[in-house]
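# Commentary on secondary and tertiary structure
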Amino acid sequence: METQPKEKSSPHVLIFPCPAQGHVNSMLKLAELLAIQNIYITFLNTKYIHNRLIQFNDDIQALLECYPKLQFKTISDFHSEEKHPGFGERIGDVITSLSLYGKPLLKDIIVSEKISCIILDGIFGDLATDLAAEFGIQLIHFRTISSCCFWAYFCVPKLLECNELPIRGDEDMDRIITNIPGMENILRCRDLPSFCRENKKDHIRLDDVALRTKQSLKANAFILNTFEDLEASVLSQIRIHFPKLYTIGPLHHLLNTTKKSSFPSSFFSKSNFFKVDRTCMAWLDSQPLKSVIYVSFGSTTPMKREEIIEIWHGLLNSKKQFLWVIRPNMVQEKGLLSELEEGTRKEKGLIVGWVPQEEVLSHKAIGAFLTHNGWNSTLESVVCGVPMICWPYFADQQINSRFVSDVWKLGLDMKDVCDRKVVENMVNDVMVNRKEEFVRSAMDIAKLASKSVSPGGSSYNNFQDLIQYIRSTSP
Ligand code: UDX
């Protein structure tokens, strides 16, 4: 996997994502974009993640051949294969061990590869701050979440100070949050990140998130995967604290647009952590225009039996065709999956383990997306002009779903409810009763997304500025 030694004067960027699907996806797209610009890239994965990429993406070698200046390196995450926490809910354990023990390994890579700039997943907080200072190189933080969510994380200390946090039980969930500048009166307590809740489902600590978010202030520059027309009012608040902010999203769209002219045959990149089942593409080809609801809750969301059953009945009762991704690790109960598959076949839906999601969302048969609102999924839906039904699970997803439904008017938010009648009604509202209204907003925002990544658009220009910045600051 090693590439040629680099020429002396060209920048060499180390990119290090959090070892989780949504993070690797978006940061690898950035790596490709920089490699297209002739910048040397070392893309660093934990061994665990690297093995998954090799196992489930048979074209990884082709990717490296496409970009001779891109190489992969691996780093230990200090967990044994047998007791590995994976990349789901317990990802915090991996982040903690890398933060505690990873610095000497990073240092070795900076030295051996003659790194001139680090693009670090901001979720790692302070991990590379001292190293960048020691070697006199630039440190850029990249957050893979939405700007509205990043800004809410940033404002957590203020919310605690103003007594808007903590949330005081279930009866407090509809209280309106007023102290996040730029998004006053948009969020209710239930729209705040999941770990602000008393009975949170995850293991993430609020003080830890607040601390790591603030640590991005020490980076020399900051990247967000969003575009100006989507999150303008929040971005103007973030810029007060992060003046060197590059908004270059939707990154997958910028990359696909760039690649279409250079590599037309393979413009969707792949970094799957699961085996892709492409049979759904032929199935979609046989479905009428905008008739199918695509259902996927991303790479991490666990589901209880009752939740799966409620969603399934809701989909069946809606009488719409559906394509549902049920990951191999999602259903623990033996027999349940085959029961669902059997029942679904009869009703003419399709359940698969993992799909090429970007391709699915851009298929003409897709009419709506029932999603957990991970930021990548949300942006992918925005780009394709597909209206959404939101069922957020954790972290940033609660805020994203609020913005999708109440700010961008791209669909409906099921938040905190998982009931077959609600699913049925929302599917019919989004795909039939209020279809025109949602499709109109979705197409309007999709046009803005395309404009942003086209020559002269905000993300296109910001990306050019980012390249200029990386080149001009390389020692
Ligand atoms: C989580 C967060 O919620 C997200 O906001 C953060 O930026 C990263 O971590 P995740 O649960 O993985 O992410 O969701 P999401 O951000 O939507 O990323 C999932 C990715 O997997 C998407 O790019 C999607 O296209 C891809 N995917 C999903 C597939 O390729 N196939 C599938 O079947 C399902």
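Residues numbered from 1 in each chain as written. Predicted model: local features only at pLDDT ≥ 70, side-chain atom pairs only at ≥ 80, totals over all residues.

Helix and strand counts for the protein come out as 20 helices and 13 strands. With respect to the three principal axes, the spread of C-alpha positions in the protein is 65 × 55 × 50 Å. Partitioning the contacts of the protein with sequence separation of at least 6, the portion at a separation of at least 24 is 71%. (Helix = DSSP H or I, 4+ residues; strand = E, 2+ residues; numbered from the N terminus. Contact = placed C-beta atoms within 7 Å.)

Right, let's get into the pairing of strand β11 (residues 366–371). A regular strand carries its side chains on alternate faces of the sheet. Here β11 lies mainly inside the structure; six of its six residues are buried. Direction of pairing for strand β8 (residues 292–296) relative to β11: parallel, over a ladder of five bridges. Opposite I293, over in β11, you have A368 as the bridge partner. Bridge count for β11 against strand β12 (residues 388–390) is three bridges, and the pairing is parallel. Bridged to F369 within β12 is M388. (Buried ≥ 20, exposed ≤ 12 C-beta atoms within 10 Å, placed from the backbone. Pairing = 2+ DSSP bridges.)

A few words on the packing of helix α7 (residues 147–154) against helix α10 (residues 228–241). Relative to each other, α7 and α10 sit at 40°, their axes nearing to 9 Å. When the axes of α7 and α10 are compared, the pair comes out oblique. Every pair of crossing elements has a handedness; the one defined by α7 and α10 is left-handed. Residues S147, C148, F150 and W151 of α7 form the contact with α10, whose participating residues are E231, V234, L235, Q237 and I238. (Axes fitted to C-alpha atoms, helices over the stretch in contact; angles between N-to-C directions. Parallel < 35°, antiparallel > 145°, perpendicular 65-115°, else oblique. Left-handed = near helix turned anticlockwise from the far one by under 90°.)

With that out of the way, let us pick up the sheet that holds strand β4 (residues 117–121). In space, the seven strands of this open sheet follow the order β3-β2-β1-β4-β5-β6-β7, with parallel pairing throughout. Two strands bound the open sheet, and with one partner strand each, they are β3 (70–75) and β7 (245–247). Neighbour to neighbour, the strand axes of the sheet diverge by 20° on average, direction disregarded. Packed on one face of the sheet, helix α2 (residues 47–56) meets β2 (40–46) and β3 and runs near 105° to β2.

By the burial criterion, the buried members of helix α9 (residues 206–215) are L206, V209 and T213. Buried residues of α9, viewed axially, fall in a sector of 65°; they line one side. If you follow the buried residues of α9, they end up packed against α7 and α8 (156–161). (Arc of directions from axis to C-beta.)

Turning next to helix α20 (residues 458–473). An ideal rise of 1.5 Å per residue puts 22 Å on 16 residues; α20 measures up with 22 Å between its terminal C-alpha atoms. Along α20, the residues classified as buried are S458, S459, N462, F463, L466 and I470. Buried positions in α20, seen along its axis, are confined to an arc of 125° and lie on one side of it. Exposed and facing more than 90 degrees away from the buried side of α20 are Q468 and S472. (Expected span 1.5 Å × (residues − 1).)

Ranked by internal contacts, the top residues of the largest apolar core, which has 140 residues, are I15 and I118. The element contributing the most residues to this core is helix α1 (residues 21–36), with eight residues. Each of two domains, domain 1 (12–270 + 451–469) and domain 2 (279–355 + 362–433), supplies a minimum of three residues to this core. Discounting residues that sit within four places of it in the chain, I15 has contacts with M27, L30, A31, I41, F43, L44 and I119. (Core = buried A, V, L, I, M, F, W, Y, C linked by C-beta atoms within 7 Å. Domains from an automatic or database assignment.)

Moving on to the site of the ligand. Inspection of the region around the ligand gives 25 residues, with G22, G298, Q357, G374 and S377 positioned closest. Within the residue set of the shell around the ligand, elements represented by two or more residues are α1, α15 (357–361) and α16 (375–384). Three or more residues apiece are contributed to the shell around the ligand by two domains, here domain 1 (12–270 + 451–469) and domain 2 (279–355 + 362–433). (Near = placed C-beta within 6 Å.)

Once that is clear, we can look at the environment of F154. Of note, F154 is situated in helix α7. Accessibility expressed as a C-beta count within 10 Å gives 20 for F154, which makes it buried.

Look at the link from L165 to P166: it is a cis peptide, with omega at 0°. Within the secondary structure layout, P166 lies in the loop between α8 and α9. Across the junction of G249 and P250, the peptide omega takes the value -15°, indicating a cis bond. When you line up the elements, P250 lands in the loop between β7 and α11 (251–262). Of note in the backbone geometry, N373 takes a positive phi value of approximately 65° without being a glycine. Relative to the assigned elements, N373 resides in the loop between β11 and α16. Not every positive phi belongs to a glycine, and A395 is a case in point at roughly 55°. Mapped onto the elements of the fold, A395 is located in the loop between β12 and α17 (397–407). By C-beta crowding, A395 is classed as buried, having 22 other C-beta atoms within 10 Å.

So, on to the domain arrangement of the protein. Looking at the assigned domains, one finds that the protein contains domain 1 (12–270 + 451–469) and domain 2 (279–355 + 362–433). Relative placement of domain 1 and domain 2: their C-alpha centres are 25 Å apart. Tallying the contact residues gives 27 residues for domain 1 and 23 residues for domain 2. At four residues, α1 tops the list of elements feeding residues into the side of domain 1 that touches domain 2. Considered class by class, the residues forming the side of domain 1 that touches domain 2 number ten nonpolar, twelve polar and five charged. (Nonpolar A, V, L, I, M, F, W, Y, C, P; charged D, E, K, R; others polar.)

Following both chains from N to C, one finds α10 and helix α19 (residues 435–453) inclined at 90°, their axes separated by 10 Å at the closest point. Relative to α19, the element α10 lies roughly perpendicular. Across the interface between the two elements, E228, D229 and L230 from α10 touch I445, L448 and S452 from α19. Here the contact of α10 with α19 is composed, by residue class, of three nonpolar, one polar and two charged.

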